[in-house]
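# Reading the structure
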Amino acid sequence: MRAFSRGLFVSLSIAAGYLPIAFSFGLAALQAGLSPLTTLMLSVVVYAGASQFVLIPLLASGAGLLTALPTVLLMNARHLFYGPSLWGKYRRPADGNLPTSVLAFGLTDEVFAASMTRMADVPEAQRERWYLGLQTGAYASWVLGTVLGVALGGYFEHPPVALQAALSFILPGLFFALLLEIGVLKNWRVVVITACACVLLLQWLPGYHALALGMLLGAASGLVPTRRSQEPA
């Protein structure tokens, strides 16, 4: 249980970002006309952050499953790359008994970033329990934030614009801090190309398409060897 508790402790920084965002999700869903039960089930079952916000107008407008499901799957396709990347650091103990589906369910952007940063410091035999604690804390905070948003929705029917802006910035700010922690700025060329590509593409494409293509271009630039890497040792 010590490894689980350590993972739970690491999740506190993620929870600090998840609580207000999930709270705002609960408010937005209720204001769009979704029932409290539907709102809660989206966080309990889907647990997909930005995808849940996209589901709000889809469900409120009466869009069917054939419309909503592909949208959510496409938005979360990046997780196909998270799993293999994290598996390289994850050494499953011989006595590990958690199904892979359970481990995959809690793999969010922030959990991935925290795992890539901290897991190397955890003994291999304890990594499964540590990761379980990390994802449990993150998941519980997201569900709790949604519960609070649903329960207190009547008191925040018209939140101030400043509060809405602050809530929308918390999660990107948290993820950026996690990226700084894993040293993403060391690959400054990738960061610059990704940022410039996203800004340019936003002039012609919708936000999600521009961001996806910008990230692909930035990742592709990282595969191009630099002059320094080509120099013989």
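Residues numbered from 1 in each chain as written. Predicted model: local features only at pLDDT ≥ 70, side-chain atom pairs only at ≥ 80, totals over all residues. Heavy atoms only, no water.

### What about the UniProt feature "transmembrane region" (unreviewed entry) in the protein?
Mapped onto this numbering, the UniProt entry annotates "transmembrane region" (unreviewed entry) at residues 7-34, 54-75, 137-156, 162-180 and 187-204. Measuring from the first to the last C-alpha atom of residues 7-34 gives 34 Å, for a span that is 89% helix and 0% strand. (UniProt positions renumbered as here; feature names shortened; annotations may be inferred. Helix = DSSP H or I, 4+ residues; strand = E, 2+ residues; numbered from the N terminus.)

### Observations concerning the nonpolar core
Ranked by size, the top nonpolar core spans 22 residues in total, and within it Ile14, Leu107, Val111, Trp130, Tyr131 and Leu134 carry the most contacts. Every element with two or more residues in this core is listed here: α1 (2-31), α5 (79-87), α7 (109-118) and α8 (127-151). No other element matches the six residues that α1 contributes to this core. Not counting the four nearest positions on each side in its chain, Leu134 is found in contact with Gly7, Leu8, Val10, Ser11, Ile14, Val111, Ala114 and Ser115. In this structure, Phe25, Leu34, Leu58 and Ala68 belong to the second largest nonpolar core, which totals 11 residues. (Core = buried A, V, L, I, M, F, W, Y, C linked by side-chain atoms within 4.5 Å. Buried < 20%, exposed > 50% of the residue type's maximum accessible area, 1.4 Å probe, protein only. Contact = heavy atoms within 4.5 Å.)

### Examining the packing of helix α2 (residues 36-46) against α8
For the pair α2 and α8, the least separation of the axes is 9 Å and the interaxial angle reads 165°. When the axes of α2 and α8 are compared, the pair comes out roughly antiparallel. Once α2 is placed against α8, the crossing between them reads as right-handed. Seen from α2, the contacting residues are Pro36, Thr39, Leu40, Ser43 and Val44; seen from α8, they are Tyr139, Trp142, Val143, Thr146, Val147 and Val150. Counted by class, the contact of α2 with α8 contains eight nonpolar, three polar and no charged residues. (Axes fitted to C-alpha atoms, helices over the stretch in contact; angles between N-to-C directions. Parallel < 35°, antiparallel > 145°, perpendicular 65-115°, else oblique. Left-handed = near helix turned anticlockwise from the far one by under 90°. Nonpolar A, V, L, I, M, F, W, Y, C, P; charged D, E, K, R; others polar.)

### A closer look at α1
Counted at 1.5 Å a residue, the expected span for α1 with its 30 residues is 44 Å, and the 42 Å between its end C-alpha atoms agrees. Along α1, the helix axis deviates most sharply at Ile14, where the bend reaches about 45°. One or two steps after α1, the chain reaches Gly33, where phi turns positive at roughly 105°. (Expected span 1.5 Å × (residues − 1). Bend = angle between axes of the 7 residues up to and from the residue.)

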